[in-house]
Amino acid sequence: MTSFYERPILNSPYRVPGLHHPLDKNGQPIDGEPRQGRRPSRHIVPVPASRKKASAGQASLDLETYSDYPLINEIRSFVDTWRALPNPADWGVTGTTQRLLEHWRHGQFSGPQPFFCQVEAAETIIWLTEVAPKRTATRRLRDELEQHNKEANPALFRLAMKMATGSGKTTVMAMLIAWQAVNAARKATKDFSRAFLIIAPGITIRDRLRVLLPSEPDNYYETREIVPPEMLPDIRRAEIVITNYHAFQHRETLALPKVARSFLQGNAPEPLKTTETDAEMLERACGKLLNYDRVTVINDEAHHCYRHKVGGDAEGPLTGEDKKEAAENEEAARLWINGIEALDRRLSKGVRAVYDLSATPFFLRGSGYQEGYLFPWVVSDFSLMDAIESGIVKLPRVPVTDNLVQTDTVVYRDLWKSIGKSLPKTAAGAAKISPFDLPPTLLTALTALYSHYEGEFQRWERAGIGVPPVFIVVCQNTAISKLVFEWIAGFERGDADEGERAAFHAGHLELFRNYDEHGARLPRPRTLLIDSREIESGKALDKGFRDAAGPEIEQFKRELASREGAGSVNGDVSEGELLREVMNTVGRPGRLGEQIRCVVSVSMLTEGWDTNTVTHILGVRAFGTQLLCEQVVGRALRRQSYDLNRETGLFDVEYADIMGIPFDFAASPQKAEPVKPKPVTRVHAIKERAGLEIAFPRVSGYRRELPSEKLEAVFSDDSRLEITPLDIGPTAVVMEGIVGAGVTITPEVLDRLRPSEISFNLAKHLLYSHVRDKEGFPKQHLFPQIQRLARRWIDEGYLVTKGVPIGAILYQDQLARAAEKIDIAVTRGSEGQIMAVLDPYNPKGSTRHVNFITSKPCWKTGAQPPKCQISHVVLDSSWEEQLALTLETHPRVIAYAKNQALGFEIPYLDGGTMRRYVPDFLVRLDDGGTTPLHLVLEVKGLRDEADKAKAQTTRDLWVPGVNALGGFGRWDFAEFRDWTTMTEDFAALVERLLKKVAA
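In this report, we go over the structure that sits alongside the text. (Residues numbered from 1 in each chain as written. Predicted model: local features only at pLDDT ≥ 70, side-chain atom pairs only at ≥ 80, totals over all residues. Heavy atoms only, no water.)

## Brief notes about the packing of helix α26 (residues 812-829) against helix α28 (residues 945-965)
Next up, step 1: Interhelical geometry of α26 versus α28 gives an angle of 20 degrees and a closest axis separation of 11 Å. For the element pair α26 / α28, the angle class is roughly parallel. Two packed elements cross with a definite hand, and for α26 against α28 that hand is left-handed. Mapping the contact onto sequence places Arg817, Lys821, Ile824 and Arg828 in α26 and Glu945, Lys948, Gln952, Thr953, Asp956 and Leu957 in α28.
Next up, step 2: Tallied by class, the residues present in the contact of α26 with α28 amount to 2 nonpolar, 2 polar and 6 charged. (Axes fitted to C-alpha atoms, helices over the stretch in contact; angles between N-to-C directions. Helix = DSSP H or I, 4+ residues; strand = E, 2+ residues; numbered from the N terminus. Parallel < 35°, antiparallel > 145°, perpendicular 65-115°, else oblique. Left-handed = near helix turned anticlockwise from the far one by under 90°. Contact = heavy atoms within 4.5 Å. Nonpolar A, V, L, I, M, F, W, Y, C, P; charged D, E, K, R; others polar.)

The following block contains the structure:
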């Protein structure tokens, strides 16, 4: 057994992968311990496969090998180096982009935090747009991508992100929209646009992507906190249109029968034009986007969008179903890309860029390229193997029947090879046989996989999970799917004239039957027959499929009527829409698809189908490439639980059991206990409590005004700096520009440094970093005073070293911390005035904008009368619950709010780097003054140097700076250190404040 089967998950989903399993040339795990570092991006090298007869079975996958992809790996290397730059000023991006990157990388999220792979995808596009073109060493990468596009997409510039199914492409779309829209709203340039066209392969994904519309109540920008709250107004200025590529089809403007068309045509040489022009099609499909000069396009499942290779025929002649599939792929791809190119021609400045997202950004059969050839404009890659090792998706596994059946495990890997010739190709062929005539090998496979499903079903019931696991059968065509559906779920045959059933069977798989033991149809079908292509285009259902799924459609109509009233199904909901609703709500409590246990699908289930309860898949179709295997298996990869294991800090393994799909990952018996998902809470502002709104300033920095050139300092407890071995890291450092260029300092050297040398270098750093005139030049004439204060700071014991030499203060980050403390003391002692600098784009925040979801514990606010505008307090610790209770009951508290997703942040410097402090609570208090006092409260136990910097900045810069501004009322700050005396400490604080006002 390899280490992969023992420990498939190696990495945190929130950090750069640090380990990877060794793989063979076919991408399969091999013996050996996990290797250090991240796996290079590798892609399939497709080799033409033998096609003697299309119906004689599937092509072998053994010829597929993997090789490194140099362009992705080189871009990844540059982005890694860029990401590691500690100082945001060195990132080479706009201030808006810098703020977003800091938020995505280090923000405090109430709900789902962005995965590393999501941040990396957005970072790569940002780097290629804002950074790479400005630097000689990296400009060539952009030029190379432009050349690839010139060859494959002459009119467009496309960048593709390869992300495994289930790794969250919709979140990446929201991040890209936020980056573009906020930048464009704040400063219009050629690099940014606030108009977006999002294109999906079908109606299902189109509808699911509505979370990208800022106007939607559950939009990702708010509920997933994709942007800091101060940027939400800019996001709302974005113009976003979401459509499926079918909208680019030129529709008939004049429906004519053949005779009328011939009459109107007459002897005219040109054919009669009765379809839309490009302009008319774009007006319908793109709407308000045509009012903009440039638009950004985002393609979801972008492997369906490409232009046929000029003169390309790498696949050779195709026959049978292969030829039909190639023709369908080619028609869809041509329609999709033609629509984008038409938009590019219509806009004055064209399509700014096209961002492609796909788990499989490869050319499909019928493209003129070899099937499975990677799009050459792919710039980032987080593969399925990477996603498995980070625990982001389920682990595909060959099924194990465990002890619920008395047989050994049977592995049906190449199922189609054994049964393909025995199955019907057409509906006429299917009509000649009954479900009982299906090949025994197929029936055994169904029974074996179902047996394992039974065990999983029971485990879910014992775990208290309210919805069932889902079993999928993916069939080659409609004829096969109907027979399999009837064998599983049951059927009845009747004589319409006699009104009686001529034949009936309840179904072979008990948990999937649509009939009870008496032959009556169950009120809710358990098994669903779906033809994805039929219902995705939005057209009327094919008669054959409609007849096969007819009884279930009628049942769902009745259920919808009982839930929402008879009017909901009378002409307003088409049968296709009804089936989409069922399919899209599989596994969702309270919806039509809630109790579906089995889905029998024609061809493939819809891409983007985000059901996370799929545990088993059986493939009853041909698989020619690993590309197709990954697409089908992708329907089962979404995790059920996203809670980290507290002991490991990693996700626990979840499995998807696969049969009939030649996709080997883990064949070893492994067990995973089902985990009941944590309930989520919608935390929101309550309109009826508008009187409890707390408004606050959004501060971006501070401005100091010293009344004279005479400097004094008043030091406090927060002026104390403690340095330990945990702070200074290595014991040798190269000092440049402070002690002397190129000098290597060792502990012995640090021990020999005199206080005068230390104070000199500390004063020098303070002068250049904090004491400058309005033009930005250091005030050199103040240097003697600054050095005197620096020496006093050292002599009076505010520099404390424990286990390190005193000279460690000359480390760059420690110098910056010391300078910040002295600077604040100088401002205080010299009676200087602090003025807060507000965010120029969104200077004011409020509790009334709160709207997000979280799986964290929540405490419902409910004082009588109410004291909090927000519905819940999110509990990051039991201390916060105690403080919330104190605030609810204290008579002097007018209103309060937990600072979660409010966007209330306090900028502070820590080691020379600007960071953002998020306090715990905001309180509006009656302290006896003419206006209420606003309190910023922090609950903190142990304090490190960063905590001291936060408190000192809030107390000595933010509070006086905001109070000096006016317009936001009076503010103060307090910390609580002991949860056991929280109530008493708050009461004492209020008493002090009351006495202060009275005095």
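Alright, that's what it looks like, and here's the rest.
## Digging into the sheet that holds strand β31 (residues 893-898)
Two pairing modes exist for strands in a sheet, parallel and antiparallel, and in both the strands are linked by backbone hydrogen bonds.
Next up, step 1: Here 4 strands make up an open sheet; going across it, the order is β31-β34-β35-β36 and the pairing mixed. Sheet topology places β31 and β36 (970-976) at the edges, where each strand pairs with a single neighbour. On average, each strand axis in the sheet is tilted by 20 degrees relative to the strand beside it, whichever way the strands run.
Next up, step 2: In this sheet, strand β34 (residues 921-925) lies alongside β31 in antiparallel orientation, the contact comprising 5 bridges. (Pairing = 2+ DSSP bridges.)

## Considering the pattern of salt bridges
Next up, step 1: Under the counting rule described, the total for this entry stands at 44 salt bridges.
Next up, step 2: Between Asp795 and Arg791 there is a salt bridge, and its shortest N-O distance comes to 3.2 Å. Remark: Arg791 and Asp795 occur in helix α25 (residues 783-795); sequence separation between them is 4 residues, near one turn of the helix.
Next up, step 3: Here Asp926 makes a salt bridge to Arg892, at a shortest N to O gap of 3.2 Å. Of this pair, Asp926 sits in the loop between β34 and β35 (933-939) while Arg892 sits in the loop between α27 (878-889) and β31; the two residues are 34 residues apart in sequence, bridging distant segments of the chain.
Next up, step 4: Residue Asp926 is classed as partly exposed on the basis of its relative accessible area of 31%.
Next up, step 5: Via salt bridges that share partners, Arg99, Glu230, Arg698, Glu905 and Arg916 belong to a single interconnected network. (Salt bridge = Lys/Arg side-chain N within 4 Å of Asp/Glu carboxyl O. Buried < 20%, exposed > 50% of the residue type's maximum accessible area, 1.4 Å probe, protein only.)

## Let's talk about the pairing of strand β9 (residues 351-358)
Next up, step 1: The element β9 is extensively covered by neighbouring structure, given that 8 of its 8 residues are classed as buried.
Next up, step 2: Where strand β5 (residues 158-163) meets β9, 5 bridges bridge the pair, whose relative direction is parallel. Residue pairing in the sheet places Lys162 in a bridge with Ser358 of β9.
Next up, step 3: In this structure, strand β8 (residues 295-300) lies alongside β9, joined through 6 bridges in parallel fashion. Residue Asp300 lies in a different strand from β9, and its bridge partner there is Leu357.

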